[in-house]
Amino acid sequence: MTPPTAHARGWLTAFLGIARRETLRFVNQRGRFLAALVRPLVWLFIFAAGFRAVLGLSITPPYQTYVLYEVYVTPGLVAMIQLFNGMQSSLSMVYDRETGAMRTLLVSPFPRWFLLGSKLIAGVIVSIIQVFTFLAIAYWWGIRPPVWGYVAVIPALILSGLMLGAMGLFLSSAIRQLENFAGVMNFVIFPMFFASSALYPLWRMRESSPLLYDICRFNPFTHAVELIRFALYLRVEWTSLAVVLGCLAGFFGAAVFMYDPQKGLWARRKGGPA
Amino acid sequence: MTAPALQIDNVSHSFGAVQALKDVSLTVPQGGFTALLGVNGAGKTTLFSLITRLYNNRSGTIRVGGHDLRREPSRALARLGVVFQSRAMDADLTIRQNLIYHASLHGIPGRLARPRIDTVLAQVDLADRADARVTALSGGQSRRAEIARALIHRPDLLLLDEATVGLDVKSRAEVLALTRRLIARDGVSALWATHIMDEIDPADDLVILHRGAVLRHGPARDIAGAQGLTRAFLDLTGVAP
């Protein structure tokens, strides 16, 4: 019997199967799609409208003129969609582990790095669908980056989505039960989102607290936001690109390590991996 | 000479200070049905987790169809079909969607998987439930769907971990009869973990596992002797099955 790993078609079939399953689950859970969309839209329609009058924004790259607060906050909300999607993937991994569906994946003849990578990419595809739906509504609301920005942002979305998804994968390996996920919300998602440049420029943060400014600067989510912001305006923020790539490699490597029965931590724990 | 479907040599496993398996060795012949009998906590699920590579096997060797699980994991895992003790199908999907997904995890594309799905669902008598959600199935149907999932990539060896747990008597008998049919007709081998004596036929190859160690391995008829299997098990383990 030739193992499916012996030919390229087998790998492609496995990837497409995992992507199809993620998409089917997403389609079956319409509430998840709505929630993913409503969250940033509430921020855009209500929060941004309220803060427009309060927050003054100077001209900072990539913007060449003064911009409305809604325009500034849009890339941050795009990254927010990807952050929540990454955590949703993490949640679904924990759910799969609790219900037993994870074992079907892990006993596949394909290596775990490939299985986890496929799941990650599938999650990013879903997040990009959500992002473009959001950007379409934002366009209707008057937030109109350059037309080519919608194309240029795709590689940035892929990288930032992969980084945030990999972070979610890593977290899922450490979370034993769904109930513990509230801790992730409190200790990961909210601090990452608020201590970033998603809602306010970092120079504003420096004015109020140099320490907080440094925290924001070292927050990988800040770099995901800036990568998206610059790409949307047809520019590359090289530092952010490097940080996102580095964090992607780090988080994914850690996730693969944790899920690998030969090396990972949870194989040593009573109760086992799946 | 054909390699055994499964060969386990001197496998031990610990969870911290707790030794779950002690120097376990056993063989499942090609086309054979081996029953792994033990009370809850005997180490059956740990052994299955090692065979399926959910746990890391650090001592001893496990070979599936002659392929060392550590050295050739892909070749070994491709030969295994696993029915877990608890549900392993995605509750959000239908049986057919689950089977297509599982087939893809073994590199089988949809165009090849679809006719196979029709065949295996007919084998497990679920052809009319193919498009039902997993959550809509009864306990017996759910177990049969799990067997169909385990068969879709045409494995040489079926691992069934307490496959009848939680089923009523009739469903239990159906699942066991189905497994035996598959062995007789298709030449599949099976390692059937159970704690229920009634599921063991006198002609079966039997392994008694207790507190992580193999106490006896041989034909059930020989192990049972004149006193019967229940009495023999009690004498060996000091525990009523």
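Quantities reported herein were computed from a predicted structural model and do not represent experimental measurements.

## So, the overall build of chain A
Alright, step 1. Along chain A, the regular secondary structure elements total eleven helices and zero strands.
Alright, step 2. Here chain A holds 274 residues, and 46% of them are scored as buried.
Alright, step 3. In chain A, once contacts between residues fewer than 6 apart in sequence are set aside, the share between residues at least 24 apart is 77%.

## Structural notes on the sheet that holds strand β1 (residues 6-15) of chain B
Residues and elements named next belong to chain B.
Alright, step 1. Pairing in this open sheet of four strands is antiparallel, and the strands run β2-β1-β4-β5 from one edge to the other. The open sheet is flanked by β2 (18-28) and β5 (67-68), the only strands paired with a single partner.
Alright, step 2. Direction of pairing for strand β4 (residues 59-64) relative to β5: antiparallel, over a ladder of two bridges. Within β5, the residue paired with Arg-63 across the bridge is Asp-68.
Alright, step 3. The strands that helix α1 (residues 44-51) touches are β1, β2 and β4; relative to β2, the one it contacts most, it runs at about 65°.

## Examining the environment of Gly-168 of chain A
Residue and element names in this part refer to chain A.
Alright, step 1. Topologically, Gly-168 is positioned in helix α6 (residues 149-174).
Alright, step 2. For Gly-168, a count of 29 C-beta atoms within 10 Å gives the class buried.
Alright, step 3. With 91 residues separating them in the primary sequence, Gly-168 and Leu-77 have C-alpha atoms 18 Å apart.
Alright, step 4. The residues contacting Gly-168, other than those within four sequence positions of it, are Gly-86, Met-87, Ser-89 and Ser-90.

## A few points about the domain arrangement of chain B
All names here are of chain B.
Alright, step 1. Once the domains are mapped, chain B shows domain 1 (1-79 + 155-241) and domain 2 (88-154).
Alright, step 2. Placing a centre on the C-alpha atoms of domain 1 and another on those of domain 2 gives a separation of 24 Å.
Alright, step 3. Domain 1 puts eleven residues into the contact, and the matching count from domain 2 is eleven residues.
Alright, step 4. Ranked by residue count, the leading element in the side of domain 1 that touches domain 2 is helix α6 (residues 169-186), at four residues.
Alright, step 5. Residue composition of the side of domain 1 that touches domain 2, by class: seven nonpolar, three polar and one charged.

## Some details on the interface of chain B and chain A
A common way to state how big an interface is: give the accessible area lost once the parts meet.
Alright, step 1. Chain B puts 33 residues into the contact, and the matching count from chain A is 30 residues.
Alright, step 2. Going through the elements one at a time, α2 (73-78), β6 (80-83) and α3 (95-104) of chain B are the ones with two or more residues in the side of chain B that touches chain A.
Alright, step 3. By residue class, the composition of the side of chain B that touches chain A is 16 nonpolar, eleven polar and six charged.

## Some thoughts on the packing of helix α5 (residues 112-140) of chain A against helix α11 (residues 238-259) of chain A
Residues and elements named next belong to chain A.
Alright, step 1. Relative orientation of the contacting elements α5 and α11 amounts to 125°, with a least axis distance of 10 Å. On the basis of their axis angle, the class for α5 and α11 is oblique. Of the two possible hands of crossing, α5 and α11 adopt the one that is right-handed. Residues Arg-112, Trp-113 and Leu-116 of α5 form the contact with α11, whose participating residues are Ala-255, Val-256 and Tyr-259.
Alright, step 2. Residues that form the contact of α5 with α11 fall into these classes: five nonpolar, no polar and one charged.

## Some points on the confidence of the model for chain B
Alright, step 1. Of the residues in chain B, 99% reach a pLDDT of 70 or more, and the chain-wide mean stands at 89.
Alright, step 2. Reported confidences for the modelled complex are a pTM of 0.83 and an ipTM of 0.84.

## Regarding unusual backbone geometry
Residue and element names in this part refer to chain B.
Alright, step 1. The backbone phi angle of Asn-10 is positive, close to 50°, even though this residue is not glycine.
Alright, step 2. Looking at the element boundaries, Asn-10 is found in strand β1.
Alright, step 3. The phi angle at Glu-162 is positive, at roughly 50°, despite the residue not being glycine.
Alright, step 4. On the basis of neighbour counts, which here come to 21 C-beta atoms within 10 Å, the residue Glu-162 falls in the buried class.

## Points about the UniProt feature "transmembrane region" (unreviewed entry) in chain A
Residue and element names in this part refer to chain A.
Alright, step 1. Within this structure's numbering, the places UniProt gives as "transmembrane region" (unreviewed entry) are residues 33-54, 66-84, 120-141, 147-171, 183-203 and 238-259.
Alright, step 2. Secondary structure content for residues 66-84 is 84% helix and 0% strand, while the C-alpha to C-alpha distance between its ends is 29 Å.
Alright, step 3. The annotated region residues 147-171 carries 92% helix and 0% strand content, and the separation between its end C-alpha atoms amounts to 36 Å.

Rules used throughout
- Residues numbered from 1 in each chain as written.
- Chains lettered and ligands numbered in written order.
- Predicted model: local features only at pLDDT ≥ 70, side-chain atom pairs only at ≥ 80, totals over all residues.
- Helix = DSSP H or I, 4+ residues; strand = E, 2+ residues; numbered from the N terminus.
- Buried ≥ 20, exposed ≤ 12 C-beta atoms within 10 Å, placed from the backbone.
- Contact = placed C-beta atoms within 7 Å.
- Pairing = 2+ DSSP bridges.
- Axes fitted to C-alpha atoms, helices over the stretch in contact; angles between N-to-C directions.
- Domains from an automatic or database assignment.
- Nonpolar A, V, L, I, M, F, W, Y, C, P; charged D, E, K, R; others polar.
- Parallel < 35°, antiparallel > 145°, perpendicular 65-115°, else oblique.
- Left-handed = near helix turned anticlockwise from the far one by under 90°.
- pLDDT = per-residue confidence, 0-100.
- UniProt positions renumbered as here; feature names shortened; annotations may be inferred.

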